[in-house]
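Tertiary structure, described
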Amino acid sequence: PDLLGVALESPVGVDSVAKASINAAVGLCDSFDFLDTKEDIVMVASKRPPLKNGSIKGGDEKALEEKRQDIKSKLKALGDGNEEAFALIEELEYLKPTQTKPAYDNRLNGPWDFNFSVEPDMGTGVVKSLLEKEEDEKSFLFSLDNVCMDISDNEKIEITVSTRVLRLPVQLKLFTSLQADDGNKDGTMFMETFEGASLFGIDLPIPKSWKRSRYLEFSYLDDDMVVARGNGREPHFLLRENTNEKIETEKS
């Protein structure tokens, strides 16, 4: 699932095989001559062709920035689970300034909050349903409070899953490493590798089969919003942590 990075095995179905075959055929993944293993298929299927930002060439930068801010305001106002967000996120991706290269931009670093604002995939669907769960006797046993991502040095990701078990706070942390794809001219593509997990600050034993890699793209970045795409699936936008708190205050 996209949400938990590469820690959990992604399912390989007809769609994944088709994407992998097409990507290999058009030369997006030259290093893969054969699709012999499940990991090869997931890896090659996760590669996306570069976005063509032709819509911003020669445009009025002031007008383009106003359009970006308008799209971002609509995204923030839509809230969780609104399908309109998908088209808005794609429009925002095409408005990324050509000089912005997230792989080498320090603004990528810091804490980001997930906002499950598009049709959920397998991973985000589970988390979204838990976040929206009404108070009942089950929530006494387990509830999910928040999921956030902290990026450091453009090389490391720490995902914190904050839960409550018997109403006592429990934090699970997942760790991945990032390596910029220097062959990607847009500066948006990384190779992400799962490194480990901890519970109550104690490192958990991780099977070798979990230490897999995938392509991860940050297709849009500015001071308070980032768009991430993993395994070639739907985009998800994240807000910088203090921005999310400000939005919740304004809504209340």
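Refer to the structure presented above.
Attention in this report is confined to the structure presented alongside it.

Looking at the overall build of the protein chain
- Looking only at helices and strands, one finds seven helices and nine strands in the protein chain.
- Taken over 252 residues, the protein chain has a buried fraction of 45%.
- The long-range fraction of contacts in the protein chain, counting pairs at least 24 apart against all pairs at least 6 apart in sequence, stands at 59%.
- Just so you have it, the protein chain exposes about 13,300 Å², and 53% of that area is on carbon and sulfur atoms.

A closer look at the environment of K74
- Along the chain, K74 falls in helix α3 (residues 61–78).
- When its relative accessible area of 43% is taken as the criterion, K74 is described as partly exposed.
- With 10 residues separating them along the chain, K74 and E84 place their C-alpha atoms 9.5 Å apart.

Section: the nonpolar core
- By size, the foremost hydrophobic cluster in this structure holds 22 residues, and its most contacted members are M149, I151, I157 and F218.
- Secondary-structure elements contributing two or more residues to this core are β1 (110–115), β2 (142–152), β3 (156–165), β4 (168–180), β5 (189–199), β7 (213–221) and β8 (225–230).
- If you tally residues by element for this core, the top one is β2, at four residues.
- The contact partners of F218, leaving out residues within four places of it in the chain, are P102, L108, M149, I151, I157, L178, T188, F190, V226, V227 and A228.
- Residues L88, Y220, M225 and L239 belong to the second largest nonpolar core, which totals 13 residues.

Some remarks on the pairing of β1
- Where burial is concerned, most of β1 is hidden: five out of the six residues are buried.
- Sheet topology places β1 next to β2; four bridges connect them, and they run antiparallel. By the bridge assignment for β2, G110 is matched with I151.
- As paired strands, β1 and strand β9 (residues 236–240) are joined by four bridges and run antiparallel to one another. The residue bridging D113 from the neighbouring strand is L239, located in β9.

Points about a nonpolar patch on the surface
- On the surface, L141, F142, V165, L166 and L168 cluster together into a nonpolar patch covering about 440 Å² of accessible area.
- By the secondary structure assignment, F142 is in strand β2.

Overview of the side chain of R68
- By secondary structure assignment, the location of R68 is in helix α3.
- We classify R68 as buried; its relative accessible area is 1%.
- At a separation of 2.6 Å, a polar atom in the side chain of R68 contacts the main-chain carbonyl oxygen of L95.
- Those residues within four positions of R68 in sequence are excluded, and the remaining contacts are E61, L92, L95, P97 and Y220.

About the thresholds
- Residues numbered from 1 in each chain as written.
- Predicted model: local features only at pLDDT ≥ 70, side-chain atom pairs only at ≥ 80, totals over all residues.
- Heavy atoms only, no water.
- Helix = DSSP H or I, 4+ residues; strand = E, 2+ residues; numbered from the N terminus.
- Buried < 20%, exposed > 50% of the residue type's maximum accessible area, 1.4 Å probe, protein only.
- Contact = heavy atoms within 4.5 Å.
- Areas by Shrake-Rupley, 256 points an atom, 1.4 Å probe, with all protein chains shown as cover.
- Core = buried A, V, L, I, M, F, W, Y, C linked by side-chain atoms within 4.5 Å.
- Pairing = 2+ DSSP bridges.
- Patch = residues over 30% accessible without salt bridge, like charges linked within 9 Å, V, L, I, M, F, W, Y side chains within 5 Å.
- Salt bridge = Lys/Arg side-chain N within 4 Å of Asp/Glu carboxyl O.
- Polar contact = N/O pair within 3.5 Å; in protein donor to acceptor, adjacent residues only side chain to side chain.

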